[in-house]
Amino acid sequence: MKKILAAVAVLVLTAGCQHTSTLTWTPGEPGQVTASGKKVKWNLTGVNNGMYLFNCIPLWCGYPTRPNRHDYELFQHLLTVPEMRKLLDDKLKELGADAVEDIKITETSSGAAGLWIVWKRSMRATGYAVENKGAGQKK
C-alpha cells in the first residue's frame, strides 16, 4: 500500500505545475460594448486548476474566492460554473464595476502526464465587467 501511495504522490507532483486560481483584467477597448450594449470597463479572464484522482476524485483545486494567491483546497471539487462565477465577481468592487456580462466558460482535462491515474483539470472563464450607471435610481 505504501508503494501505491508513493507512486500516486510522484504522479501528482509531476502531472502539472499550477494548481491554483488566477484572475486577470485588462481595460476595455475604446467603443467595446457587451451584447446588451453596455460599455466594457474591463475584460476579465479567470482560470482555476485542480488535480483529480481518476478524473473524478478531487485531490486539490484552486480556491476561486482567493485568486492570485496560490491558495488551494484539499479534497474539494471547486471546478464548477458557480465557482467560476465567484472567481469573475471577486474584484468587481475594486475595479469600479457592478456586474459581469457575456460570460463564456470552457473546461479541459488531461491524464496523460499522470498515466491516467492523476488528472489535471482546468476551467477558464471570460467575461466583461460593466458599470450599471443609475441602476435602481431615479433620474
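Everything below is about the structure printed above this text.
Rules and cut-offs
Residues numbered from 1 in each chain as written. Predicted model: local features only at pLDDT ≥ 70, side-chain atom pairs only at ≥ 80, totals over all residues. Heavy atoms only, no water. Phe/Tyr/Trp six-rings, centres within 6.5 Å; stacked < 30°, edge-to-face > 60°. Helix = DSSP H or I, 4+ residues; strand = E, 2+ residues; numbered from the N terminus. Buried < 20%, exposed > 50% of the residue type's maximum accessible area, 1.4 Å probe, protein only. Core = buried A, V, L, I, M, F, W, Y, C linked by side-chain atoms within 4.5 Å. Contact = heavy atoms within 4.5 Å. Salt bridge = Lys/Arg side-chain N within 4 Å of Asp/Glu carboxyl O.

**Comments concerning the packing of aromatic side chains**
Applying the stated criterion to the full structure yields 1 aromatic pair. Seen from their ring centres, W60 and Y72 are 6.1 Å apart, and the 45° between their planes marks the pair as tilted. Taken together, the residues W60 in strand 3 (residues 57-62) and Y72 in strand 4 (residues 72-74) connect sequence positions 12 residues apart. Judged by relative accessible area, which is 17%, W60 ranks as buried.

**Here we look at the nonpolar core**
Judged by nonpolar contacts, the single largest core of 16 residues is most densely connected at L44 and L88. Secondary structure elements with two or more residues in this core: strand 2 (40-53), helix 2 (81-89), helix 3 (92-95) and strand 6 (118-130). Not counting the four nearest positions on each side in its chain, L44 is found in contact with T24, W25, L88, L95, V100, A125, T126, G127 and A129. Counting 5 residues, the second-largest nonpolar core is a separate cluster that includes M51, L53, L59 and W60.

**A look at the pattern of salt bridges**
Here the structure, examined in full by the defined rule, presents 8 salt bridges. Put simply, E101 and K38 hold a salt bridge, and the shortest N to O gap is 3.1 Å. Note that E101 is positioned in strand 5 (residues 99-110) and K38 in the loop between strand 1 (21-27) and strand 2, a separation of 63 residues in sequence. Judged by its relative accessible area of 30%, K38 falls in the partly exposed class. In this structure, D89 and R85 form a salt bridge, with 3.2 Å as the shortest nitrogen-oxygen distance.

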